[in-house]
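Summary of the model geometry
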Amino acid sequence: MPRGRYSLHDPDDHAPLGEEHFHCATGPSGWRYVSQLLTPSGDPAGSVDLTLDTLGRTLRLELRAGDWQVRGATMDGVTWVRTDPAGRHAQEGNARAHGFTGASPAFLVATARLLRPRPGAPATRVRLVSFAPPVLAPRTLDRSWHLRSTEAHATDNDPLTVENYRVTDLETGEEQPVHLAGDVVLAAPGVELEDLESPPSTFPEIPAGFADHDQDPGEDPREA
């Protein structure tokens, strides 16, 4: 079970945004990621609790930022409930999207798991609903993911396979590199892995007979 710490910063001016202390685990039924966020001064800033099924679909998402909270899941696309700080109004939302994204490195792992791109395959277009702190307002984004290469690095135990992605914002054309090893983000814009107590977990192979289209809200993101 990987357990560690990410440092977060603004990808443009590199201003520190805080830290994310996390642990995560894979299993035969999917993947779960839990984290606590801290401000640069060390004060609590929120939390992430994300559970995926075997195909990378969101079974449960719970985000907190300050007094704001979002709960979501894959249902008729993606569905969520956002609660205001006073707790008096709950706003429901739904979008024909493939998954969720946000500031946490967990969403990079989740999107890669959902797409499961093949080396050498064309870039894959994916629609995601983003929740950004501090108020977790929803925004729909279109991005493309391209698995540029995989590299095996020798370690004291088993070789570590690193996946190198190019992620493109299809609205602005901005391209960003993302480097993953199993269920851990090694580096990405605004994210640095500062500490890891145990090696990343690897995801199990998808069982034979699980059709790709079973995960889709309307179309396979790899065919979009």
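Residues numbered from 1 in each chain as written. Predicted model: local features only at pLDDT ≥ 70, side-chain atom pairs only at ≥ 80, totals over all residues. Heavy atoms only, no water.

- If you check an unreviewed UniProt entry, the protein appears there as Glycolipid-binding domain-containing protein from Streptomyces hazeniae.

Details of the pairing of strand β12 (residues 160-169)
- In this structure, strand β11 (residues 137-153) lies alongside β12, joined through 10 bridges in antiparallel fashion. In the strand pairing of β12, A152 is matched with T161.
- Linking two consecutive strands that pair antiparallel, namely β11 and β12, is a turn of six residues.
- The pairing of β12 with strand β13 (residues 175-181) spans six bridges and is classified as antiparallel. Pairing of T168 across the sheet is with E175, part of β13.
- Linking two consecutive strands that pair antiparallel, namely β12 and β13, is a turn of five residues; a positive phi of about 80 degrees is found at G173 within it. (Pairing = 2+ DSSP bridges. Helix = DSSP H or I, 4+ residues; strand = E, 2+ residues; numbered from the N terminus.)

Details of empty space enclosed by the protein
- Summed over the entire model, instances satisfying the criterion amount to three cavities of 30 Å³ or more.
- Of the pockets and cavities examined, the largest cavity occupies roughly 80 Å³.
- In terms of lining, the largest cavity is formed by 14 residues, of which the most central are G56, T58, G99, F100 and A110.
- Broken down by secondary-structure element, the contributors of at least two residues to the lining of the largest cavity are β4 (44-52), β9 (99-102) and α1 (106-115).
- The leading source of residues in the lining of the largest cavity is α1, at four residues.
- For the lining of the largest cavity, a count of residues per class yields seven nonpolar, six polar and one charged. (1 Å grid on protein atoms, 1.4 Å probe; cavity = no way out; pocket = protein on both sides within 12 Å on 5 of 7 lines; lining within 4 Å. Points joined across faces, edges and corners; volume = space filled by probe spheres on them. Nonpolar A, V, L, I, M, F, W, Y, C, P; charged D, E, K, R; others polar.)

With respect to the environment of A152
- Its place among the elements puts A152 in strand β11.
- Under the relative-accessibility criterion, A152 is labelled exposed at 64%.
- Each C-alpha atom, one on A152 and one on V162, is 6.3 Å from the other, the two residues being 10 residues apart in sequence.
- When neighbours within four sequence positions are excluded, A152 is seen to be in contact with L160 and T161. (Buried < 20%, exposed > 50% of the residue type's maximum accessible area, 1.4 Å probe, protein only. Contact = heavy atoms within 4.5 Å.)

Here's the deal with the layout of surface pockets
- Considered as a void within the structure, the largest pocket measures approximately 1200 Å³ in volume.
- Around the largest pocket, the lining is made up of 47 residues, and of these G102, A103, S104, A132 and P133 lie nearest the centre.
- Partitioning the lining of the largest pocket into residue classes produces 25 nonpolar, 13 polar and nine charged.
- Looking at the second largest pocket, its volume works out to about 740 Å³.

Side note on the packing of aromatic side chains
- Going through the model one piece at a time under the given rule, you end up with seven aromatic pairs.
- Geometrically, the ring pair formed by W31 and Y33 is tilted, given 5.8 Å between the ring centres and 45 degrees between the ring planes. With respect to class, W31 is no different from Y33; both count as buried.
- Between W145 and Y165, the ring centres sit 5.1 Å apart and the planes meet at 65 degrees, which makes this aromatic pair edge-to-face. One end of the pair, W145, is in strand β11; the other, Y165, is in strand β12, with 20 residues separating them in the sequence. Taken as a pair, W145 and Y165 share a single burial class, namely buried. (Phe/Tyr/Trp six-rings, centres within 6.5 Å; stacked < 30°, edge-to-face > 60°.)

Considering the pairing of strand β15 (residues 191-196)
- Inspection of the sheet shows strand β1 (residues 3-9) paired to β15 by five bridges, in the antiparallel sense. Paired with G4 across the bridge in β15 is L196.
- Here strand β14 (residues 184-188) runs beside β15; their pairing, made up of two bridges, is antiparallel. Bridged to A187 within β15 is E192.

Let's talk about the confidence of the model for the protein
- Here the protein averages 90 in pLDDT, and 92% of its residues register 70 or above.
- Note that pLDDT drops below 50 for residues 208-218; the model gives that stretch 19 contacts with residues more than four away or on any other chain. (pLDDT = per-residue confidence, 0-100.)

So, the pattern of salt bridges
- By the definition in use, this model includes 10 salt bridges.
- Residues R127 and D142 are paired through a salt bridge, measuring 2.7 Å at the closest nitrogen-oxygen approach. With a gap of 15 residues between them, R127 in strand β10 (residues 124-132) and D142 in strand β11 connect regions that are remote in the sequence.
- Given a relative accessible area of 34%, R127 falls into the partly exposed group.
- Assessed through its relative accessible area of 19%, D142 is described here as buried.
- R139 is the salt-bridge partner of E171, the closest N and O atoms lying 2.9 Å from each other. Of this pair, E171 sits in the loop between β12 and β13 while R139 is found in strand β11, placing the two residues 32 residues apart along the sequence.
- Residues joined in a network through salt bridges with shared partners are R32, D49 and R60. (Salt bridge = Lys/Arg side-chain N within 4 Å of Asp/Glu carboxyl O.)

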